[in-house]
Amino acid sequence: MSIIFSEKFRTFSLHTNRSTYQMKISDMGYLFHVYYGERIKDEDLSYLITYYDRGFSPNPNQAGNDRTISLDVMPQEFSGTGAGDFRISSIEVENSDGSRVFEGKYAGHRIYKGKYKQHGLPGIRVNENDCVDTVEIDLKDEVSGLKAVLCYTVFENLDIITRKVHIVNEGSGTVRLNKIMSVTMDYIDSDYDFIHFDGRHAMEREMHRDSVHYGQQSVGSLRGTSSHQHNPFVVLCSRDAGEAAGSCYGFSFVYSGNFQCVVQKDQYDQLRLVMGIHPECFAWPLNKGDVFDAPEVVMAYTNQGFTELSHIYHDVFRTNLNDSIYMKQKRPVLINSWEAAYFDFNHETLVKMAKNAACMGVDLFVLDDGWFGERNDDTCALGDWEVNTEKLSKGLKGLVDEINEIGLDFGIWIEPEMVSENSRLYLSHPEWALKIPKRPVTRGRYQLVLDLSRKDVREYIVTFVNQILDSANIKYVKWDMNRSISDAWSGLLDKSDQGKVMHRYVLGLYEILDRLVHEHPDVLFEGCSGGGGRFDAGMLYYHPQIWCSDNTDAINRLKIQYGTSFGYPVSSMGAHVSVCPNHQTGRTTPLQTRAVTAMSGTFGYELDPGKMTAEEKEQCRYMTEQFKKYNDLIFNGDYYRLESPYGDKGFAAWAYISKDKEEGLASVVITDKEPNDAQRYLKFRGLKADAFYEVDGLTDAHCEADGLTDAHCKVNGLTGAVSGRALMCAGIPIDNTLKEYESVQFHIRLHKNNEEEI
Ligand code: DGJ
């Protein structure tokens, strides 16, 4: 059992392979947080909690005249408002008498094998060989009758704890839930940095690291999606933490809508972190007997730095989050028509594009926006999902069949959550869009959002998507969502229930996706929200991959993919090679660099090969081949950030090392070049220190020299195998003739006669 309840000390100890989490039921029935960190045996660490008389920190009634006990100071598992804790709360309610207090006290617990149940929400799945135990702890407010069930599942072998809160109204009156955080983490110290991933459309998930300071720091989204602006994955780490060492705590919210994560350093230098659905725009009335399930947070701890923390999340998300067949089988290399043609295409031009792509080793042709209704630009037709036969003269099936004959699979773009005002759908169902009576609508990219809280809308979406998927041999869907949600008001809900709309929208989306992905198990779904506006573990439960950003500039992508890699695996990041000058930035980078960067993702193309030279096409064919050759290593190996794109060395570098440490592939991109600059060295990580490796450099120049057939060549000056220790501690020189934005890859493999060499 990975969960131990000590009757003697009234503590719960939750053990993963390398971490321990401990809570204690206090004498007065409060649930205190005692410890989270490296795995330890001690059953009771509550000596860490000290008791002093502190001014202006009130004392619970039960304490009588004892002024040393105060909820304002105690580390807690779940903290209500209005009962003496003035820090950021886990819950806010409005009770039937108008009061706003929740004071939860221990009222029982259950420990059992397996995971807690979730209703309509994504979460980490239990696989056959996982060792998984759960504890549910009831905290009840005796006056209102509201009960918070704190649920923790320990995945011992995966080194994670998932948790959520389940609310039950066991009282007789209605309680309005105004806020419910899925995780509350109290620390008795605060020497931490807060790492978060922020940005904007086309520049998502840039990593930011701040020292925790007095007061509150927060990230979140009120856009109805997890957003381009902030990501629901954060890290708290010791001040000295880096890639290879230091204490790190990860929190990943498995949710795709409004969220909030707040860290607060208090008056006594303690820290609290809360994470959950954003309380703004949220209000959920609970009548007698009603329940509310808050989404899940995945927590991980390591004392080995960011790389190790990332590996924990990468492994869990690769094996236990999504049950699509594509998590285990090779993903297709695709070509997408968006940047190649935008809205300007017809049957013939698409077929030509596909033919050219086939010569580059591409497996799947994706027809992006513009194939339906009168959709010749983005001002209209969302909702009119009938094929535009002026563009596709042989219909969708005619096009798909022809592309299949070329030898490519076919994929299609849809944006099911939206409606254009200028569409037949809106004419017949204006009430299906989110909008508030008597108020003018707020447009985003000229479009409105369908009310997914409505069953009829959900049925309509499932029906039309099924129709499209059944109409031809479609193997891939790009599910797009191109605006933030506003005007959250649903015509079918009572006025007292309008605070439910944003969350019900997300639940509605999950219901639709759950049905569709399971009705079409052989279809690969790629998520998208104007690129990476909904890149979160919730969406990855349904989509094996998500279009990482609308920005395809290789140099910008280094930062975007670097930030994304902290919490998400490479196999989840949609990444394509596009043309230069780049459509978003105007920058020109070598084709090889664009390919090397896209290889740090699902790899594909977003260009018209018909407009490329024969040499460029040949280079693409070669790079596709390279990706396919190393696909397994890239998707299933351990990912190492070797040099940050924000660093001062003038290059960014990363590597994939196979789990058995016998093979690796490192990629280097020169980000900043000056004449006569210093020699740069690449230092590997994650190798067997005492083993010897053969090192091959794969570069553009060598491709050319070798007529694009055998790009392997020895690294300058290297005459034989190099020890893992040398590769990690001394490194290898990076060719100083490489120009700005040029790149190189190094492939390493355990030396054949390794035993003798050692
Ligand atoms: C936004 C996506 O991120 C793009 O890749 C493209 O599909 C457009 N939408 C199409 O409207």
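Here we summarise the structure given alongside this text. Note that the structure is a prediction, hence the values are computed from the model and not measured.

### Topic: the overall build of the chain
Then comes step 1: Scanning the chain from terminus to terminus reveals 14 helices and 40 strands.
Then comes step 2: Against the 2.2 N^0.38 benchmark of 27 Å for 758 residues, the chain shows a C-alpha radius of gyration of 27 Å, consistent with a compact globule.
Then comes step 3: C-alpha extents for the chain along the principal axes are approximately 85 × 75 × 45 Å.
Then comes step 4: Counting every position in the chain, which comprises 758 residues, the buried fraction comes to 63%.
Then comes step 5: Counting contacts in the chain only where the partners sit at least 6 residues apart, residues at least 24 apart contribute 70% of the total.

### Let's talk about the packing of helix 6 (residues 455-471) against helix 7 (residues 501-519)
Then comes step 1: Relative orientation of the contacting elements helix 6 and helix 7 amounts to 25 degrees, with a least axis distance of 10 Å. As the angle between them shows, helix 6 and helix 7 are arranged roughly parallel. Relative to helix 7, the crossing made by helix 6 is right-handed. The residues of helix 7 that touch helix 6, namely those facing Arg458, Glu459, Ile461, Val462, Val465 and Asn466, are Gly508, Glu511, Ile512, Arg515, Leu516 and Glu519.
Then comes step 2: Residue composition of the contact of helix 6 with helix 7, by class: five nonpolar, two polar and five charged.

### Let's talk about the environment of Val577
Then comes step 1: Take Val577: it is sitting in strand 30 (residues 576-578).
Then comes step 2: As a C-alpha pair, Val577 and Gly604 span 27 residues in sequence and 6.2 Å in three-dimensional space.
Then comes step 3: Excluding anything up to four places from it in sequence, Val577 contacts Leu591, Arg594, Ala595, Ala598, Phe603, Gly604, Tyr605, Glu606 and Leu607.

### Considering the site of the ligand
Then comes step 1: Around the ligand, 13 residues are found, and the nearest of them are Asp368, Asp369, Lys478, Asp480 and Asp550.
Then comes step 2: The separation between a nitrogen atom of the ligand and a polar side-chain atom of Asp480 is 2.7 Å.
Then comes step 3: Separating a nitrogen atom of the ligand from a side-chain N or O atom of Asn482 is a distance of 3.3 Å.
Then comes step 4: Notes on the ligand: free accessible area 290 Å², of which the protein chains cover 97%.
Then comes step 5: Across the shell around the ligand, the residue classes tally to four nonpolar, three polar and six charged.

### Structural notes on the sheet that holds strand 27 (residues 524-527)
Then comes step 1: One open sheet holds the nine strands; their spatial order is 29-28-27-26-23-22-21-31-30, and the pairing between them is parallel. Looking at strand neighbours, the two that pair on one side only are strand 29 (573-574) and strand 30, the edges of this open sheet.
Then comes step 2: Two elements, strand 21 (residues 334-336) and strand 22 (residues 364-367), share three bridges in a ladder whose sense is parallel. Bridge pairing in strand 22 places Leu334 opposite Leu364.
Then comes step 3: Each of strand 22, strand 23 (409-414) and strand 26 (474-479) is contacted by helix 4 (residues 395-406), which is oriented at about 140 degrees to strand 23, the strand it contacts most.

### Here we look at unusual backbone geometry
Then comes step 1: In the segment running from Cys580 into Pro581, the intervening peptide bond is cis, with an omega of -5 degrees.
Then comes step 2: Position of Pro581 among the secondary structure elements: in the loop between strand 30 and helix 10 (591-598).
Then comes step 3: Positive phi, normally seen in glycine, also occurs at Tyr342, with a value near 50 degrees.
Then comes step 4: Relative to the elements of secondary structure, Tyr342 occurs in the loop between helix 2 (338-341) and helix 3 (347-359).

### Structural notes on the pattern of salt bridges
Then comes step 1: Within this structure, the stated rule accounts for 54 salt bridges.
Then comes step 2: Between Arg39 and Glu156 there is a salt bridge; the shortest N-O distance is 3.7 Å. You can see Arg39 sitting in the loop between strand 4 (31-38) and strand 5 (91-94) and its partner Glu156 sitting in the loop between strand 8 (146-155) and strand 9 (160-169), a full 117 residues away along the chain.
Then comes step 3: Glu136 serves as the salt-bridge partner of Arg110, at 3.2 Å between the closest nitrogen and oxygen. With Arg110 in strand 6 (residues 105-113) and Glu136 in strand 7 (residues 132-140), this pair connects stretches of sequence that are 26 residues apart.
Then comes step 4: Classification of Arg110 by relative accessible area gives partly exposed; the value is 34%.
Then comes step 5: Among the ionic contacts, a cluster of salt bridges with common partners joins Arg110, Glu136, Asp138, Lys140, Lys147 and Glu170.

### Looking at helix 6
Then comes step 1: Its 17 residues place the ends of helix 6 24 Å apart at the C-alpha level, agreeing with the 24 Å of an ideal helix rising 1.5 Å per residue.
Then comes step 2: Within helix 6, the full set of buried residues consists of Val457, Arg458, Tyr460, Ile461, Val462, Phe464, Val465, Asn466, Ile468 and Leu469.
Then comes step 3: Those residues of helix 6 that are buried lie in contact with helix 4, strand 23, helix 5 (424-428), strand 26, helix 7 and strand 27.

### Overview of the environment of Asp451
Then comes step 1: Structurally, the position occupied by Asp451 is in the loop between strand 25 (447-449) and helix 6.
Then comes step 2: Sequence spacing of Asp451 and Ala433 is 18 residues, and the spatial spacing of their C-alpha atoms is 5.4 Å.
Then comes step 3: Those residues within four positions of Asp451 in sequence are excluded, and the remaining contacts are Trp432, Ala433, Leu434, Val457, Ser490 and Gly491.
Then comes step 4: Here the side chain of Asp451 touches Ser490 through a polar contact of 2.6 Å, side chain to side chain.

### So, the sheet that holds strand 1 (residues 3-6)
Then comes step 1: Spatially, four strands are ordered 1-2-3-4 in an open sheet, and the strand pairing comes out antiparallel. Each edge of the open sheet is held by one strand with a lone partner, namely strand 1 and strand 4. Within this sheet the neighbouring strands show an average axis-to-axis angle of 15 degrees, counted without direction.
Then comes step 2: The pairing of strand 1 with strand 2 (residues 11-15) spans four bridges and is classified as antiparallel. Across the sheet, Ser6 pairs through a bridge with Thr11, a residue of strand 2.

### Observations concerning the pairing of strand 8
Then comes step 1: Taking burial as the measure, the 10 residues of strand 8 include 10 buried ones, the bulk of the element.
Then comes step 2: Covered by surrounding structure in strand 8 are Leu146, Ala148, Leu150, Tyr152 and Val154 together with Lys147, Val149, Cys151, Thr153 and Phe155, the residues of both alternating faces.
Then comes step 3: When strand 7 meets strand 8, the two strands line up antiparallel, connected through nine bridges. Each residue of the ladder has a partner; that of Val135, found in strand 8, is Tyr152.
Then comes step 4: In this structure, the hairpin formed by strand 7 and strand 8 is closed by a connection of five residues, where Gly145 is found at a positive phi of approximately 85 degrees.
Then comes step 5: Pairing between strand 8 and strand 9: 10 bridges, direction antiparallel. Across the sheet, Lys147 pairs through a bridge with Val168, a residue of strand 9.
Then comes step 6: Here strand 8 folds back onto strand 9 in antiparallel fashion, the turn holding four residues, of which Asp159 has a positive phi close to 65 degrees.

### What to know about the packing of aromatic side chains
Then comes step 1: Within this structure, the stated rule accounts for 41 aromatic pairs.
Then comes step 2: Measuring from centroid to centroid gives 6.0 Å for Tyr36 and Tyr301, while their planes differ by 55 degrees, and the two rings are tilted. Of this pair, Tyr36 sits in strand 4 while Tyr301 sits in strand 20 (residues 297-302), and the two are 265 residues apart along the sequence. Taken as a pair, Tyr36 and Tyr301 share a single burial class, namely buried.
Then comes step 3: Centroid distance Phe603 to Tyr605: 5.4 Å. Interplanar angle 80 degrees. Geometry classified as edge-to-face. Tyr605 matches Phe603 in its accessibility class, with the two residues each being buried.
Then comes step 4: Here the aromatic residues Phe197, Phe233, Phe306, Tyr313, Phe317, Phe535, Tyr562, Phe566, Tyr568 and Tyr646 are joined through ring pairs into a cluster of three or more.
Then comes step 5: Directly above the ring of Tyr268 sits Arg54, whose terminal nitrogen or CZ lies 4.2 Å from the centroid.
Then comes step 6: Residue placement shows Lys265 over the ring face of Tyr214; its charged tip is 4.3 Å from the ring centre.

### Some words on the packing of helix 3 against helix 4
Then comes step 1: Direction vectors running N to C along helix 3 and helix 4 enclose 20 degrees, while the axes themselves pass 10 Å from each other. Judged by the inter-axis angle, helix 3 sits roughly parallel to helix 4. Here helix 3 runs over helix 4; the crossing is right-handed. On the side of helix 3, the interface is formed by His347, Leu350, Val351, Ala354, Lys355 and Ala358, while helix 4 contributes Gly398, Leu399, Glu402, Ile403 and Ile406.
Then comes step 2: Residue composition of the contact of helix 3 with helix 4, by class: seven nonpolar, two polar and two charged.

The rules we used
- Residues numbered from 1 in each chain as written.
- Predicted model: local features only at pLDDT ≥ 70, side-chain atom pairs only at ≥ 80, totals over all residues.
- Heavy atoms only, no water.
- Helix = DSSP H or I, 4+ residues; strand = E, 2+ residues; numbered from the N terminus.
- Rg over C-alpha atoms; globule rule 2.2 N^0.38 Å.
- Buried < 20%, exposed > 50% of the residue type's maximum accessible area, 1.4 Å probe, protein only.
- Contact = heavy atoms within 4.5 Å.
- Axes fitted to C-alpha atoms, helices over the stretch in contact; angles between N-to-C directions.
- Parallel < 35°, antiparallel > 145°, perpendicular 65-115°, else oblique.
- Left-handed = near helix turned anticlockwise from the far one by under 90°.
- Nonpolar A, V, L, I, M, F, W, Y, C, P; charged D, E, K, R; others polar.
- Near = heavy atom within 4 Å.
- Polar contact = N/O pair within 3.5 Å; in protein donor to acceptor, adjacent residues only side chain to side chain.
- Areas by Shrake-Rupley, 256 points an atom, 1.4 Å probe, with all protein chains shown as cover.
- Pairing = 2+ DSSP bridges.
- Salt bridge = Lys/Arg side-chain N within 4 Å of Asp/Glu carboxyl O.
- Expected span 1.5 Å × (residues − 1).
- Phe/Tyr/Trp six-rings, centres within 6.5 Å; stacked < 30°, edge-to-face > 60°.
- Lys NZ or Arg CZ within 6 Å of the ring centre and 35° of its normal.

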